[in-house]
Each structure stands twice: as C-alpha cells, then as structure tokens.
Amino acid sequence: MERVTLQDDLQFSRIVHGQWRLSDWGFTPQETLSFMEQCVEMGVTTFDTADIYGGYTCEGLLGEALSLKPEFRNKIEIVTKCGIKLTSNPSYKLNHYDSSKEHIIASVNQSLENMNTDYIDVLLIHRPDFLMDPAEMAEAFTQLKQEGKVRHFGVSNFLPTQFSMLQKFMNQPLVTNQIELSVMNRTQFENGSLDQAIEYGIPPMAWSPLAGGTIFSSADPTAVRVRQALEKVGSDIGAKDIDQVMYAWLLKHPAKIMPIVGSGKIERVQSAVDSLKLEMNREQWYEIWIASRGRNVD
C-alpha cells in the first residue's frame, strides 16, 4: 500500500477507511475489530470518524473494538472531527457550529474517552464556523498538542481563503483538508482547493469519492453520461467495476488525494485498494472530466 507523508512523523495509507456509517452496520465490537484488522492486512491503516457520526455513537463503537485489543491502536492512525453541534445531543436546541477553544478542548477530551485512546493522530475542524476566531482556535490546538492529546491538526470542507486564514495564526502546519471530491463533483478542482493542496504540500482527503453511490443507477443525464465514460475507460484500463475507475481518477491527480472508503463490506475496501494498480493516461482522465462537465475543454 502506498503511504502518503503529511509530516515527518505522520503518514496515512493512500486509501482511508471511513466510519461514518459504523453504527448502521450492526457490527459487534469483535466484528469491528476484525474488520479493521483485515483493512490493516491490506495496507489500509488510516481510519476516519467524527464526534457526531451515528448520532454521537460511532467513536464509542470504535473505542469498544479497540478495548478488545489495546495494542492494535499502535498499528493505525485515527482521524476525528469536531465543531458541529447537532440536536441528536439533547443539550443543543438547534444545529450549529462551534469552533471555540472551550468546545474544541471539551470535544477532544470526550473523543479520547469515547475511543479508548490516549491520543488522536489528526483532529479536523469539521466545517467552517462563520464565527470562528482563528487565534482562539490556534490556542486550543497548541494546548492539545502540548498535552499530548492530539498529534496534528487539519480542517474539513474549508475554502482556500479559510484555510489560509487559520494557518496564518498557527505555530504548526495544518496537515490536510478533507473535502468532497468525485467525478460528479468538480467544485474543488475549480475553486483553488487542490491548487492550494499542492502549493502547501497538504494532501487532501476525499469524502464521497463515489458520489454517494448515485452514479451506479441514476437516470440523470449527467450521471448516465459519466457512467458511460467510466465504463469505457474502465474497459480500456482493466478495471473490474466503475468504482475502481472513480478511485483511479482521483488518484491520478498530483495533489496526492486520499479517497475515503465508507463501506462496511471488506470486498469494497479491497476494490479500492486494487484501484491503486490501475494506470490512467491523460486522455482517459479528461474523457471522464468532459463527460462530467458536459462539454469539451476549450
């Protein structure tokens, strides 16, 4: 498995496993642990979660699995997020964002307890908070790092200007921006996010790399057009299914995109891993781009 260097002391597996739906899979703690061990065996060592996932339950489910084999923690990297407050927590009357120092520190302490771990490899601010104070956020990050609770920090869904603003107040580099990227979502290719990722040397994580699965069956004209392009390119490069072509399309980009596979089926994770072996040339990449765009490049 290819490893991506984010900092001298931090590497992620090129394919990341996402646990957004962990609570939906009905796994026992042992089944969760066994699934993660199978991921590690194929080289997928980085696992992505968030405090709010599963109605604030997924971190705890991960922690129950880790408690069965504490030494397994040293074989993986854990990414979690904070900064969103949802009404699934009865303490909150409405959904809103909170990137205050108090909330960041409280969230981390709760996440550590939930996941039965002493440290988080990377903490992300889940969404840009329109009231965020970057100096206050930087203070929280510095304290958490000094206390040994978080190794590194990043963001999720930040625009380039928001990323640069926060980085200016930091005394340590932000290591990633987790953004929505797929053959059906070209926004990040065009708004400067991937340009910034290359400029700053911050490999991005890609959530929803399969466009939420709608590409497989949607009758929408764009989806049909893209699906046909994926099938054609997939046949040319020897892909087993169009999901591998969608992963290979992202992997081709020089920003070192790390797709997040959010499936509870180990064969789907294996399919994503196998996509690393596929070779896509520029014409094939642009054939898919043009299909998504709906018109030729100028």
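Structure's up top.
Basis of the calculations
Residues numbered from 1 in each chain as written. Predicted model: local features only at pLDDT ≥ 70, side-chain atom pairs only at ≥ 80, totals over all residues. Heavy atoms only, no water. 1 Å grid on protein atoms, 1.4 Å probe; cavity = no way out; pocket = protein on both sides within 12 Å on 5 of 7 lines; lining within 4 Å. Points joined across faces, edges and corners; volume = space filled by probe spheres on them. Helix = DSSP H or I, 4+ residues; strand = E, 2+ residues; numbered from the N terminus. Nonpolar A, V, L, I, M, F, W, Y, C, P; charged D, E, K, R; others polar. Salt bridge = Lys/Arg side-chain N within 4 Å of Asp/Glu carboxyl O. Buried < 20%, exposed > 50% of the residue type's maximum accessible area, 1.4 Å probe, protein only.

Novice: Could you give an account of the layout of surface pockets, naming the residues involved and the relevant values?
Specialist: In this model, the largest pocket occupies a volume close to 690 Å³. Lining the largest pocket we find 29 residues, and of these Trp20, Arg21, Trp207, Ser208 and Gly262 sit closest to its centre. Secondary-structure elements contributing two or more residues to the lining of the largest pocket are α2 (53-56), α10 (242-251) and β12 (258-261). Looking at the lining of the largest pocket, its residues break down into 11 nonpolar, 12 polar and 6 charged. When its volume is computed, the second largest pocket comes out at roughly 210 Å³.

Novice: Report on the pattern of salt bridges, specifying residues and quantitative values.
Specialist: The final tally for this structure, using the stated rule, is 16 salt bridges. Residue Glu2 pairs with Arg14 through a salt bridge whose shortest N-O separation is 3.1 Å. With Glu2 in the segment before β1 (3-7) and Arg14 in the loop between β2 (10-13) and β3 (16-18), the pair connects residues that are 12 residues apart, well separated along the chain. Note on Arg14: relative accessible area 3%, which makes it buried. Residue Glu2 is joined to Lys256 by a salt bridge in which the shortest nitrogen-to-oxygen separation is 3.0 Å. Here Glu2 is found in the segment before β1, whereas its partner Lys256 is found in the loop between α10 and β12, with 254 residues between them in sequence. In this structure Lys256 comes out as partly exposed when scored by relative accessible area, which is 39%. One connected set of salt bridges, linked through shared partners, spans Asp9, Arg73, Asp121 and Arg151.

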